[in-house]
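Here are the chains, one letter per residue:
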Amino acid sequence: MHNKAKGWGDPLVLAPVLMIVALTGPLIAGLAGVLLPAFGFFPTLGGKHFTLSFLHEVTHKPGFWYSVQLSIWIGVATTFLSLVIVISFFAAQWGSPTFQRLSRFISPLMSVPHAAAAFGFAFLIAPSGWIVRLFSPWATGFNHPPDWLVINDPAGNALLIGLVLKEIPFIFLVALSASSQINVDERLKVARSLGYGRVWSWFIAVFPTLYKQLRLPIYAVIAFSSSVVDVALILGPNFPAMLPVQLLRWMNDPELEMRFVAAAGAVWQLGATLLALISWRIGEALVGYIGRRLTISGERQKNDHWFRALATLMMAIVIVTFVLSMIILAVWSCAGFWRFPNALPSGFTFSRWLENAGSVWTPVVNAMSIAITSTMICVALTLACLENEFRRDIQFTPAALRILYLPLIVPQIAFLFGISVFLVRYGLDGSFWPVTLAHTIFVLPYVFLSLAAPFRNFDLRYLQVASSLGVSQNKVLFSVRLPMLLKPILLAIALGIAISIAQYLPTLLIGAGRLPTITTEAVALAAGGDRRLIGIYALVQTLLPAIGFIAASLVPRAAFPDRKFFR
Amino acid sequence: MKDALCIENVCLFHDGAKLLDLNLDIQPGEVLTVMGPSGSGKSSLLNLISGFLPPSFSFTGRVVLDGVDITQADPADRKVGLMFQDPLLFPHLSVEDNLMFGLPATGSKEERCAKVRAALDAVNMVELGHRDPLTLSGGQQSRIALLRVLLSEPKALLLDEPFSALDSGLRGKVRDFVFNQAKAKKLPTILVTHDQLDADHSGGKIITL
């Protein structure tokens, strides 16, 4: 199709260029904005000479090494636990009715923002939380909440489990979509017919291939968990906190000198995340080696009932915990008087909702404007890229895929701080467009990944028929391809909006606190402990993306009421 | 040659290996049947003529339609109608809108609507105009797909196994419908098929690749 690039063909060439600039430009600028002050060079603040003293000084902050350790541990452990639970469930239940039943819960849970999930989980497991209440006083004998440090524990266990809950739906969905590309059923049949047990068949015949496709998303989970801020503020230890939380405190310190220290800390954060990734990579090699040895040993491993039961139970516990966390948010948001050991409040009231409707409104409008604008930019850019790729017969290379994951694998806090340093310098922080463009960096990978497959798998014969009817390429795109892709496009928009709404750091750092969204407001409530108010904010935060997904499923039917294709 | 579809000394290569070497003239109203095992280049020949040849293919020679060399023309400008095994009616448009899509953009909206109605009326399917294409039977869909192609005023017709998805009862009817329409419009037609019956009914030359 050498002669296909016509009409819009030329401006379309800009799409991949813009895409690469959008993905890497802010990253490079941001890293420069962190590295220069970290090495003491920041002329506006009087740093005119390169020095290692700040990189050294920051390590003397109280608890610094513990913070670093915690970041690495949380990054690796969250990812390991989440991955083990997901793949054990896949191995145990692939193709069974249980698999279908449980996986129906996964997509809606994926769209729950991190902060809301963390709040719900805290309300569930706190000493005065729902679980203790449900078992008190009849089983525990407690008439007062026990004096346990469950939330914000110094070892970060609550944070770890909270993150695992939230990362499992993500890894689950990625594994599900990867499974659809590697004929899992045939692979299982081959191994099963050679006499291998069900679970072991999955591990030897499916997992190695599946993991290759999971690798980049997994790295993104490691990077995210090792540098997470919002969940760490809600569930994580306080003194000393995880490194990213410490960084945020230094970044917000009124003492300007602390900017150098914060930048130096961000460099250590890059190192911590890198170390987490490297240890994971070593683990991969180790597991690969042991796996190969076990595979060729010829052991059939048919006795897997206990494994299947355990794996299914784990996944069921995860889903039940997550669902209960959402319910308890709703319960608290309209709870009346609620004395300790009672399982439910003595009454329900919407008075707090009504009182706070006004103050919730602005952050909701801010969040939605940012989300819709940044998502629309991403969808337009993605479609332009994919159409350009189609018209020019370009094959997307693995290297390009790595660029797409770049903003997800470099810790947000490390380069966003650098960008904000530049923006403050030019007085651009705290306004709508910088925040929106910062969101596009993180929305773009998700929108692209979700649209690419449906766009590329489109039946090209429809387009050939349309062209041979004498219609221009642009008309083919706008009146055949895009309308027929309405469903995946709307889903990508809903996903983009969900990702944007959940963003905490870009909104906070680039918005300089002057553009409050529902997410920044909700996280800010964490320290206060007003459960009813937190319930309201977290629930609104959860409902916004949910509305997007529901709309995405209803709009095609409403727009084309008598078309079977959209049902 | 006026009105004819001429394949002049066309050699088709896939990754450097020669697939076919053809020199053919198809006269208006003539149906040429191309048969052969899969991978022999049948569909690639149609792609070459309609302008959709993937870049892993290369060729020499010319394709001339109605005296015009269309070898390098944009697919949209070739005036070559295509029909596939599936009718490929656009599922987001009604039957009438599908036909409107095929009709060239000349004349007022009313004139174009009238043309579409007349085309449906001529084949006794006017009551299907407002239907969702996915609710039509397979045979109806194929006939509408052919009408859509014919309304775009092509100068040649390429049929890529257009009957193989239909069951045997319907198949004969749709086949006669297509051949009669092609002959009535005096279109040079190439039919690619696996089915000897299709070939026998075409009433024209048969070549095997």
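Residues numbered from 1 in each chain as written. Chains lettered and ligands numbered in written order. Predicted model: local features only at pLDDT ≥ 70, side-chain atom pairs only at ≥ 80, totals over all residues.

*Asks:* What should I look at first to understand the overall build of chain B in this one?
*Replies:* Counting its regular elements, chain B contains 6 helices and 9 strands. Taking 2.2 N^0.38 as the reference for a compact globule, 209 residues should give roughly 17 Å; the C-alpha atoms of chain B span a radius of gyration of 17 Å, in line with that estimate. Dimensions of chain B along its principal axes, counting C-alpha atoms only, are 50 × 40 × 30 Å. The burial tally for chain B puts 40% of its 209 residues in the buried class. For chain B, restricting intrachain contacts to residue pairs at least 6 apart in sequence, the fraction spanning at least 24 positions comes to 73%. (Helix = DSSP H or I, 4+ residues; strand = E, 2+ residues; numbered from the N terminus. Rg over C-alpha atoms; globule rule 2.2 N^0.38 Å. Buried ≥ 20, exposed ≤ 12 C-beta atoms within 10 Å, placed from the backbone. Contact = placed C-beta atoms within 7 Å.)

*Asks:* Help me out: how do you make sense of the overall build of chain A in this one?
*Replies:* Helix and strand counts for chain A come out as 24 helices and 2 strands. For 567 residues, the compact-globule formula gives about 24 Å, and the C-alpha radius of gyration of chain A, at 25 Å, lands near that figure. Taking the principal axes of the C-alpha coordinates as reference, chain A spans close to 75 × 65 × 55 Å. Expressed as a percentage of the 567 residues in chain A, the buried residues total 46%. Residue pairs at least 24 apart in sequence account for 80% of intrachain contacts in chain A once pairs closer than 6 positions are excluded.

*Asks:* Looking at this model, I keep getting lost on the pairing of strand E2 (residues 17–26) of chain B. Mind explaining?
*Replies:* Looking down a regular strand, the side chains alternate between one sheet face and the other. For strand E1 (residues 5–14) of chain B and E2(B), the ladder comprises 8 bridges, and the chain directions are antiparallel. Its bridge partner lying in E2(B), Leu5(B) is registered against Ile26(B). (Pairing = 2+ DSSP bridges.)

*Asks:* Looking at this model, I keep getting lost on the interface of chain B and chain A. Mind explaining?
*Replies:* Many analyses report the size of an interface as the accessible area lost when the parts associate. Each partner contributes to the interface: chain B provides 25 residues, whereas chain A provides 23 residues. Residue assignment for the side of chain B that touches chain A shows that the elements contributing at least two residues are strand E6 (80–83) and helix H2 (95–102) of chain B. When residues of the side of chain B that touches chain A are assigned to their parent elements, the largest contribution, 3 residues, is made by E6(B).

*Asks:* Looking at this model, I keep getting lost on the sheet that holds strand E9 (residues 206–208) of chain B. Mind explaining?
*Replies:* Each strand in a sheet pairs with its neighbour through backbone hydrogen bonds, running either in the same direction (parallel) or in the opposite one (antiparallel). Residue and element names in this part refer to chain B. Strand order in the open sheet made by the 5 strands is E6-E7-E8-E3-E9, with parallel pairing throughout. Strands at the two margins of the open sheet, each flanked by one partner only, are E6 and E9. Each adjacent strand pair in this sheet contributes to an overall mean axis angle of 20°, direction not counted. Of the strands in this sheet, strand E3 (31–35), E6, strand E7 (156–160) and strand E8 (189–192) touch helix H1 (residues 42–50), which is tilted by about 150° from E7. (Axes fitted to C-alpha atoms, helices over the stretch in contact; angles between N-to-C directions.)

*Asks:* What is the right way to read the sheet that holds strand E4 (residues 57–65) of chain B from this model?
*Replies:* All names here are of chain B. In space, the 4 strands of this open sheet follow the order E2-E1-E4-E5, with antiparallel pairing throughout. One side of each edge strand has no neighbouring strand; the edge strands of this open sheet are E2 and strand E5 (68–69). Here E1 pairs with E4 via 8 bridges, running antiparallel. By the bridge assignment for E4, Glu-8 is matched with Arg-62. Set on the sheet, H1 makes contact with E1, E2 and E4; between it and E1 the angle comes to about 120°.

*Asks:* Would you take a moment to explain the packing of helix H9 (residues 184–193) of chain A against helix H10 (residues 198–226) of chain A for this structure?
*Replies:* When two helices pack together, their arrangement is given by the angle between their axes and by how far apart the axes lie. Residues and elements named next belong to chain A. Running from amino to carboxyl end, H9 crosses H10 at an angle of 120°, the nearest separation of the two axes being 9 Å. Classified by the angle their axes make, H9 and H10 are oblique. The element H9 and its partner H10 pack so that their crossing is right-handed. Within the contact between the two elements, H9 uses Val-184, Arg-187, Leu-188, Val-190, Ala-191 and Arg-192 and H10 uses Arg-198, Ser-201, Trp-202, Ile-204, Ala-205 and Val-206. Residue composition of the contact of H9 with H10, by class: 8 nonpolar, 1 polar and 3 charged. (Parallel < 35°, antiparallel > 145°, perpendicular 65-115°, else oblique. Left-handed = near helix turned anticlockwise from the far one by under 90°. Nonpolar A, V, L, I, M, F, W, Y, C, P; charged D, E, K, R; others polar.)

*Asks:* Could you clarify how one ought to interpret the environment of Phe566(A) in this entry?
*Replies:* Residue and element names in this part refer to chain A. Turning to its location among the elements, Phe-566 is positioned in the segment after helix H24 (531–559). The exposure class of Phe-566 is partly exposed, given the 19 C-beta atoms found within 10 Å. The contact partners of Phe-566, leaving out residues within four places of it in the chain, are Leu-486, Lys-487, Pro-556, Arg-557 and Phe-560.

*Asks:* Looking at this model, I keep getting lost on the domain arrangement of chain A. Mind explaining?
*Replies:* Residue and element names in this part refer to chain A. Split by domain assignment, chain A resolves into domain 1 (68–241 + 304–349) and domain 2 (358–397 + 419–567). Centre-to-centre, using C-alpha coordinates, domain 1 lies 26 Å away from domain 2. At the junction of the two partners, domain 1 supplies 19 residues and domain 2 supplies 21 residues. Those elements giving two or more residues to the side of domain 1 that touches domain 2 turn out to be helix H6 (114–125), helix H11 (230–235) and helix H14 (305–333). Of the residues forming the side of domain 1 that touches domain 2, the biggest block, 6 residues, is contributed by H6. Residues belonging to the side of domain 1 that touches domain 2 are distributed by class as follows: 14 nonpolar, 4 polar and 1 charged. (Domains from an automatic or database assignment.)

*Asks:* What's the story with helix H4 (residues 64–93) of chain A in this structure? I'm lost.
*Replies:* Owing to its 3.6 residues per turn, the α-helix brings residues three or four apart onto one side. Residues and elements named next belong to chain A. Compared with the 44 Å implied by 1.5 Å per residue over 30 residues, the 43 Å span of H4 between its first and last C-alpha is a close match. The element H4 is extensively covered by neighbouring structure, given that 21 of its 30 residues are classed as buried. Immediately downstream of H4, the backbone of Gly-95 shows phi near 85°, a positive value. (Expected span 1.5 Å × (residues − 1).)

*Asks:* Could you clarify how one ought to interpret the environment of Pro244(A) in this entry?
*Replies:* All names here are of chain A. By secondary structure assignment, the location of Pro-244 is in helix H12 (residues 243–251). On the neighbour-count criterion, Pro-244 (29 C-beta atoms within 10 Å) is buried. Between the C-alpha atoms of Pro-244 and Gln-269, which are 25 residues apart in sequence, the distance is 7.1 Å. In this structure Pro-244 touches Ser-71, Ser-227, Val-228, Val-229, Ala-232, Gln-269 and Ile-413, once residues within four positions along its chain are discounted.

*Asks:* Explanation requested: helix H17 (residues 412–425) of chain A in the structure shown.
*Replies:* All names here are of chain A. For H17, with 14 residues, the first-to-last C-alpha span of 20 Å sits near the 20 Å given by 1.5 Å per residue. Counted residue by residue, H17 has 11 buried out of 14 residues, so it is predominantly covered. Listed as buried for H17 are Gln-412, Ile-413, Ala-414, Phe-415, Leu-416, Phe-417, Gly-418, Ile-419, Ser-420, Val-421 and Leu-423. Following H17 by one or two positions, Gly-427 adopts a phi angle in the positive range, close to 65°.

*Asks:* What am I meant to see in the pairing of E6(B) here?
*Replies:* All names here are of chain B. Neither face of E6 is left uncovered, since the one carrying Val-80 and Leu-82 and the one carrying Gly-81 and Met-83 both have all their residues buried. One ladder, built from 4 bridges, connects E6 with E7; its direction is parallel. Along E7, the bridge assignment pairs Leu-82 with Leu-158.

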